[in-house]
Amino acid sequence: MFDINPPAVNPNRYIKKITKRLKRLANHFGVCPIEVFVFHAVSDSFDPSQCLRGDWSSTADFKERIAALKRRYTFITLPEAHHKLKTDLFRSKRYAVLTCDDGMRTVLSILPYLETENIPITLFLNAKYLDGVSKRDHYTEKPEYITQGELEQIVSPVVTIGMHGFEHVDHSTMTRQQFVTSIVESKKLLEKHPAFIPYFAYPWGRFNPSTQQWLKMLGVTPVLSDGRSNYRYINGIDRKCVDSPSF
Ligand SMILES: [Zn+2]
């Protein structure tokens, strides 16, 4: 007997296949995506009281991954990437941007390495925790954040400073008043640094159409965490996470 039922079609598989082919075609015609990577904590050994396991990379792993990325991409700053995504739509060169969220102190130790490698980095900080006293609720026992004094000491040609909210809370559930206050207050503290740039990385990447509108009103560029590549600028800068070894 023959089986007359056709094999089951998985539409997702076909969509993925077509997307992959379109991307390959786009690359062929000189439209390379700009990849924006985000990581969180880097240190020689993991300390569970300092950060979550999923947010951490060992210094050795981190350097290895960065070296691998550097062989593949030319690293540029976030504002440079933003400009290219708006104006230079036919890019045959592969560009990447490195960003770091949360502003944990451990990150300070890898800045000299990035400077030696000439790799720009944007640090997205929560302004409230710069006081060295305030702690992020519901995280770990004693995450230690970059303090105001340490921020002032960051004088590096590769570092730019962006916003991650006044506190590390869900900004997509805020009222307009709360949201605007969070941005204005964090800007007030962070823009004292000469390398400040008006970009806002949503904590956990959570946003909605209203928060996008409010950022536009404030002249701040949204930075997302959606795992996507950037082909041109639409509603924000898309990012991929590099904490996990599978990136
Ligand atoms: Zn965060």
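This report concerns the structure included in the present document. For every chain, the first residue of its written sequence is number 1, and the numbers climb from 1 along that sequence. A pLDDT threshold of at least 70 governs which residues receive local features in this predicted model, and a stricter bar of 80 or more applies before side-chain atom pairs are shown or counted, although totals over entire chains, interfaces and linings include all residues.

Quick notes on the nonpolar core
Stage number 1. Formed by 49 residues in total, the largest nonpolar core has its most connected members in Phe37, Val97, Leu125 and Phe200.
Stage number 2. Contact criterion: two residues are in contact if their C-beta atoms, reconstructed from the backbone, are within 7 Å. Phenylalanine 200 has contacts with Gly162, Met163, Ile183, Leu215, Val220, Pro222 and Val223, leaving out every residue within four places of it along the chain. Any nonpolar core is a set of buried residues, restricted to Ala, Val, Leu, Ile, Met, Phe, Trp, Tyr and Cys, that join up through C-beta atoms within 7 Å. For every residue, the other C-beta atoms within 10 Å of its own C-beta are counted; 20 or more classify it as buried, 12 or fewer as exposed, and values in between as partly exposed. C-beta atoms are placed from the backbone.

What to know about the pairing of strand 7 (residues 159–163)
Stage number 1. By the criterion of burial, strand 7 is predominantly enclosed, with four of the five residues buried.
Stage number 2. Between any two strands, at least two bridges found by DSSP are needed for them to pair. Helix numbering and strand numbering both begin at the N terminus, where a helix is a DSSP run of H or I of at least 4 residues and a strand a DSSP run of E of at least 2. Taken together, the five bridges between strand 6 (residues 121–125) and strand 7 define a ladder with parallel strand orientation. Paired with threonine 122 across the bridge in strand 7 is threonine 160.
Stage number 3. Here strand 7 pairs with strand 8 (residues 196–201) via two bridges, running parallel. Of the residues in strand 8, the one forming a bridge with isoleucine 161 is phenylalanine 196.

With respect to unusual backbone geometry
Stage number 1. With phi around 55 degrees, asparagine 118 is a residue other than glycine that occupies positive phi space.
Stage number 2. Its location among the elements puts asparagine 118 in the loop between helix 4 (111–117) and strand 6.
Stage number 3. The phi angle at tryptophan 204 is positive, at roughly 60 degrees, despite the residue not being glycine.
Stage number 4. Relative to the elements of secondary structure, tryptophan 204 occurs in the loop between strand 8 and helix 7 (209–218).
Stage number 5. In this structure tryptophan 204 comes out as partly exposed when scored by C-beta crowding, with 13 C-beta atoms within 10 Å.

Describing the packing of helix 6 (residues 176–190) against helix 7
Stage number 1. The convention used is that axes are lines fitted to C-alpha atoms, helices contributing only their stretch in contact, and that angles between N-to-C directions extend from 0 to 180 degrees. Packing of helix 6 against helix 7 brings their axes to within 11 Å, and their N-to-C directions diverge by 45 degrees. Relative to helix 7, the element helix 6 lies oblique. Considering the relative orientation of helix 6 and helix 7, their crossing is right-handed. Residues Arg176, Phe179, Val180 and Ile183 of helix 6 pack against Thr211, Trp214 and Leu218 of helix 7.
Stage number 2. Following the grouping adopted for this structure description, the nonpolar residues are Ala, Val, Leu, Ile, Met, Phe, Trp, Tyr, Cys and Pro, the charged ones are Asp, Glu, Lys and Arg, and the polar ones are all others, Gly among them. When its residues are assigned to classes, the contact of helix 6 with helix 7 shows five nonpolar, one polar and one charged. Between 65 and 115 degrees an angle is taken as roughly perpendicular, under 35 as roughly parallel, over 145 as roughly antiparallel, and anywhere else as oblique. Each helix crossing is assigned a hand: it is left-handed if the near helix lies turned anticlockwise from the far helix by less than a right angle, otherwise right-handed if that turn is clockwise.

A closer look at the environment of leucine 111
Stage number 1. Tracing the chain through its elements places leucine 111 in helix 4.
Stage number 2. Residue leucine 111 is classed as partly exposed on the basis of its 16 C-beta neighbours within 10 Å.
Stage number 3. Between the C-alpha atom of leucine 111 and that of isoleucine 154, which follows or precedes it by 43 residues, the distance is 9.0 Å.
Stage number 4. Look past the residues within four positions of leucine 111 in its chain and what remains in contact with it is Ser156 and Val159.

Points about the pairing of strand 5 (residues 95–101)
Stage number 1. With seven of seven residues buried, strand 5 is to be regarded as a mostly interior element.
Stage number 2. Of the two faces of strand 5, both are covered, the one formed by Tyr95, Val97, Thr99 and Asp101 as well as the one formed by Ala96, Leu98 and Cys100.
Stage number 3. Direction of pairing for strand 1 (residues 34–39) relative to strand 5: parallel, over a ladder of six bridges. Bridged to phenylalanine 37 within strand 5 is leucine 98.
Stage number 4. Alignment of strand 4 (residues 74–75) against strand 5, held across two bridges, turns out to be parallel. Bridge pairing in strand 5 links phenylalanine 75 to alanine 96.
Stage number 5. Call a crossover right-handed when, viewed with both strands pointing away from you, the route from the first strand across the helix to the second goes clockwise. In this fold, strand 4 hands off to helix 3 (residues 78–87), which returns the chain to strand 5; that crossover is right-handed.
Stage number 6. Inspection of the sheet shows strand 5 paired to strand 6 by four bridges, in the parallel sense.

Brief notes about the environment of threonine 99
Stage number 1. By secondary structure assignment, the location of threonine 99 is in strand 5.
Stage number 2. Sequence spacing of threonine 99 and phenylalanine 37 is 62 residues, and the spatial spacing of their C-alpha atoms is 5.9 Å.
Stage number 3. If we ignore the near neighbours within four places in the chain, the residues touching threonine 99 are Val36, Phe37, Val38, Leu78, Ile121, Thr122, Phe124, Ala201 and Arg239.

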